[in-house]
Every structure is written in structure tokens, then in C-alpha cells.
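# Tertiary structure, described
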Amino acid sequence: MALLHTRGLLATPRLAAATRASSWWSHVEMGPPDPILGVTEAFKRDTNSKKMNLGVGAYRDDNGKPYVLNCVRKAEAMIASKKMDKEYLPIGGLADFTRASAELALGENSEVLKSGRYVTVQGISGTGSLRIGASFLQRFFKSSRDVYLPKPSWGNHTPIFRDAGLQLQAYRYYDPKTCSLDFSGAMDDISKIPEKSIILLHACAHNPTGVDPRQEQWKEIAALVKKRNLLVYFDMAYQGFASGDINRDAWAVRYFIDQGINVLIAQSYAKNMGLYGERVGAFTMICSNAEEAKRVESQLKILIRPMYSNPPMNGARIASIILNTPDIRKEWLVEVKGMADRIISMRTQLVSNLKKEGSSHNWQHITDQIGMFCFTGLKPEQVEKLIKEFSIYLTKDGRISVAGVTSGNVGYLAHAIHQVTK
């Protein structure tokens, strides 16, 4: 028995090795951790009572707590009171929601809406909406496989387009020396993009830099894009959340359309309605006429069907009630402006506190930038010090989520930044 037992022990490692070698998945390597989720995990382990998590792209109130809008609570109550069913939505989503989403993006008096030369389908938040468009381009845009992203861009843009079978290129956008828009560099690069290529633009509150073109600069970009005959794909994840004004934040999109540029638009309701986990979004294509829009819609449905069949219902119902019920919509506009104003206020307070600390650096870029994110200009070694010495967590590129800053911790943040930059 002892011999058999010994033989069993000796055989076990060989058996395990053989099992590993014959596994279907032995060649699969461990993937790199998500940089933002890594920041969150390190934050959770930290026991410092003053710790701050400035990595996550989700709004927090002035107590640092997740915030559910009152208009969302009202919409949920209306849904509950109606005892609605849980049947499948159509492939293209909830019609009242998609119609209202198009109107929000394009404006209620848009010629495009009146002529019907557009199609809007419900997407799984911004990411899913972007992917619908990317898959459509891969299948039907025959002119080019190249998508030009601003440098830098939202980290998920690259895998979304790459995994859809498109090729990634870049154009200059952000100038790290000035922490502002490299407008001449962007215009120079865009002027050299081959005709009939795809260019992605952030409609407002550029992620991750918070740097947006001014209206006069948008006009020049539009003229150049039109001259180069580029297909424009707008990512609009922050309408209303950037400036607090839904029309101001959609200005670039509407201007391009007014110039005769038929754009693609991906919308998200994660930030401006706080519907992060509900995954509410929309994808819109502007077409030449209503007949073309019908053909495009038919093919979008064919693409969506094997992806996820049809979109989730609850979040679309919430957003639809908010957009289509006048008194609740009015309340939403006040609440979204409140969120935007708090973030703008935190930017101002941070700069003010840095001055109080005696910092001699020019921090104007913090208030010049807009939206949830701010490119601070901090170097990786300074970020490392903030994490190790002050328990302030952010990504290595120096990007902070201003939503994580409150009136209670902005002084501590300013002190820490001053200490690592003086």
C-alpha cells in the first residue's frame, strides 16, 4: 500500500503537467490589469483616512457619495406604478427613447429630424453604441479601414475599433507643454489624412484631457474635414454634463451637420443621467435622404441581432420618461447643470487652494479644461509620490476625475499637489 501511495505521489505532478499540456487553453496568457481598476483596488486596500480615489469616471456628490438624480427616482416610481411588462424590446430599441435621443443630439428644430434622413438605434451605453457604428463601418464603409483618433483619446476607443476589424491611426490633439489643445498640430495632421478616411471627434468634454476646441476652432476643423472628405464619427458621452447646457455641449455636432457633413453619433446617458449601470445609449447615423436611412436601419438591425438580439429595457424607459415628460425633463436639466456646476466649482477651488499653498506654477489649464476629467500635467514620478505619500490615487498620466474632489478634500489635494510639484 505504501508503495502504491508513493507511486501516486510521484505520478501526480506528471499527470498535472500532462493535463496542462493537453488543455485547450494552455496557450492563453494572463492579460494586463485594467489601469483604472488597478487604481481602485489599490485605493480600497489603503487604510489612510484621508485617501482619495481620483481614478474612477463616475460622478460623486460633495460628500463623495454616488448620486442618483431625483428625476431618475421619479421615472422609476412611474415605471413601478404602471406595472409594465418585461417583454423583449425591438432590435432597434425603445422607439420613444431613440426618437428623444435623436432630438436631444440634433435639436428639436433640426432639418434632419423633419426630413427623416436619419436612423437612431438604442445601444448598450456609449461603448455599445460606438461598437455598433464600428461594426457597420467595417461591413459597409469600403473607402478606408483607417480610423483616426485624437492623441490621446479614451482608452476604450482603440479596442472598440480594433476588435471591429478597423485600423487605428492618430492625429495630434493635446499639447503636454501647455496642457491645452495643440490646434495647429491637429489641423496639420488632419490636413494630411487621406480622403475618405474616418475621423473620431469628442463632441464635448474630451476624455481624458478635458480640452475642447473653441467654437471658432470647431468651424475651422469642420471646414478642413469637409475639404478632405472625411467621415466624421462623434462620441458624445457628456451632453449637458460638460457645461451644464445641453445645447452648448451639442454645438459642434449640430454645426457640422449644418455644414452638410453627414456624421455618425454615439450617445451615452451614464454621466448626464447617472445611469451608469443601466447601460443606456444610442447610435445615430445621418443619411442623404429618408430612403437611404431605411436601408441603413435594416442593416443595423441585422448587425445587432447576433450581437445581443435586443437592448435592455429598464434604463431606456427611465431615460425616455425623463426626456419626454416636460416637468421631469425640466428637473433633469436643473440637476445635470448642478452636477456640471459642482465640477466647475471644484476646478476653481483647486486652483485657488494651490495659490494659497504658495504654488508658483500656472494652473490655469485646470479651469480652462471642462468636464469630468482634468489632465493635471503631473509627471509619473509626481503621481507616484501622491499615491505613496498622500494616498491620492490617480492614473500615471496625471489624469484626475474632478468628480472625486469635494469641498472637504480639495484643500488636502491642493496641499499634496503643491508638495510634489514645488
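Residues numbered from 1 in each chain as written. Predicted model: local features only at pLDDT ≥ 70, side-chain atom pairs only at ≥ 80, totals over all residues. Heavy atoms only, no water.

## Notes on the pattern of salt bridges
Enumeration according to the criterion identifies 16 salt bridges in this entry. Ionic pairing is found between Glu-76 and Arg-73, a salt bridge with its closest N-O pair at 3.6 Å. Taken as a pair, Glu-76 and Arg-73 lie in helix α3 (residues 70–81) at a separation of three residues, close to a single helical turn. The salt bridge partner of Lys-301 is Glu-297, with a shortest N-O separation of 3.9 Å. In this pair, Lys-301 and Glu-297 both sit in helix α12 (residues 290–308), four residues apart, roughly one turn of the helix. Its relative accessible area of 33% is what places Lys-301 among the partly exposed residues. Accessibility expressed as a relative area gives 22% for Glu-297, which makes it partly exposed. Residues joined by salt bridges that share partners form a network here, namely Arg-172, Asp-188, Asp-189 and Lys-192. (Salt bridge = Lys/Arg side-chain N within 4 Å of Asp/Glu carboxyl O. Helix = DSSP H or I, 4+ residues; strand = E, 2+ residues; numbered from the N terminus. Buried < 20%, exposed > 50% of the residue type's maximum accessible area, 1.4 Å probe, protein only.)

## Looking at empty space enclosed by the protein
Rolled over the atoms, a probe as big as a water molecule pinpoints where empty space is left. Taken as a whole and judged by the stated rule, the model has two cavities of 30 Å³ or more. One number sums up the size of the largest cavity: a volume of about 60 Å³. The element best represented in the lining of the largest cavity is helix α8 (residues 183–191), accounting for three residues. Class assignment for the residues of the lining of the largest cavity results in nine nonpolar, no polar and no charged. When its volume is computed, the second largest cavity comes out at roughly 30 Å³. Surrounding the second largest cavity, Pro-150, Tyr-171, Tyr-173, Leu-201, His-202, His-206, Pro-213 and Trp-218 form its lining. Residues belonging to the lining of the second largest cavity are distributed by class as follows: six nonpolar, two polar and no charged. (1 Å grid on protein atoms, 1.4 Å probe; cavity = no way out; pocket = protein on both sides within 12 Å on 5 of 7 lines; lining within 4 Å. Points joined across faces, edges and corners; volume = space filled by probe spheres on them. Nonpolar A, V, L, I, M, F, W, Y, C, P; charged D, E, K, R; others polar.)

## Considering the confidence of the model for the protein
Mean pLDDT over the protein works out to 94, with 95% of the residues at or above the 70 mark. Under a pLDDT of 50 for its full length, residues 1–10 has, in the predicted model, zero contacts with residues more than four places off or in other chains. (pLDDT = per-residue confidence, 0-100. Contact = heavy atoms within 4.5 Å.)

## A look at unusual backbone geometry
A cis geometry characterises the amide bond from Lys-151 onward to Pro-152, with omega recorded as 5°. Of note, Pro-152 is situated in the loop between β3 (146–151) and α7 (157–163). Each neighbour pair has its own omega, and for Asn-207 with Pro-208 the value is 25°, a cis peptide bond. When you line up the elements, Pro-208 lands in the loop between β7 (198–202) and α9 (215–228). Positive phi outside glycine occurs at Arg-279, with the angle close to 55°.

## Quick notes on helix α14 (residues 326–357)
Here α14 is 32 residues long and its end C-alpha atoms lie 47 Å apart, about the 46 Å a rise of 1.5 Å per residue gives. One or two positions beyond α14, positive phi appears at Gly-358, with a value near 95°. (Expected span 1.5 Å × (residues − 1).)

## A look at the layout of surface pockets
Of the pockets and cavities examined, the largest pocket occupies roughly 1,100 Å³. For the largest pocket, the lining is made up of 41 residues, of which Ile-36, Gly-57, Trp-154, Asn-207 and Arg-399 are closest to its centre. For the lining of the largest pocket, the secondary structure elements donating two or more residues are α2 (35–45), α6 (125–140) and α16 (380–390). The greatest single-element share of the lining of the largest pocket, amounting to six residues, is contributed by α2. Taken as a whole, the second largest pocket spans an internal volume of roughly 620 Å³. Taken together, 26 residues line the second largest pocket, and the ones lying closest to its centre are Asp-212, Pro-213, Arg-214, Asp-368 and Ile-370. Of all the elements in the fold, those that place two or more residues in the lining of the second largest pocket are β6 (180–181), α9, α10 (246–249), α11 (251–258) and α15 (364–368). Residues belonging to the lining of the second largest pocket are distributed by class as follows: eleven nonpolar, ten polar and five charged.

## A few points about the sheet that holds strand β8 (residues 231–236)
As summarised here, the arrangement of the seven strands in space is β2-β10-β9-β8-β7-β3-β4, forming an open sheet in which the pairing is mixed. Edge positions in the open sheet fall to β2 (118–124) and β4 (167–172), since each of these has one partner strand only. In this sheet, adjacent strand axes meet at a mean angle of 25° when their direction is disregarded. Of the pairings in the sheet, the one linking β3 to β7 comprises two bridges and is parallel in character. If you follow Val-147 over to β7, its bridge partner there is Ile-198. Of the strands in this sheet, β4 and β7 are in contact with α8, which crosses β4 at around 140°. (Pairing = 2+ DSSP bridges. Axes fitted to C-alpha atoms, helices over the stretch in contact; angles between N-to-C directions.)

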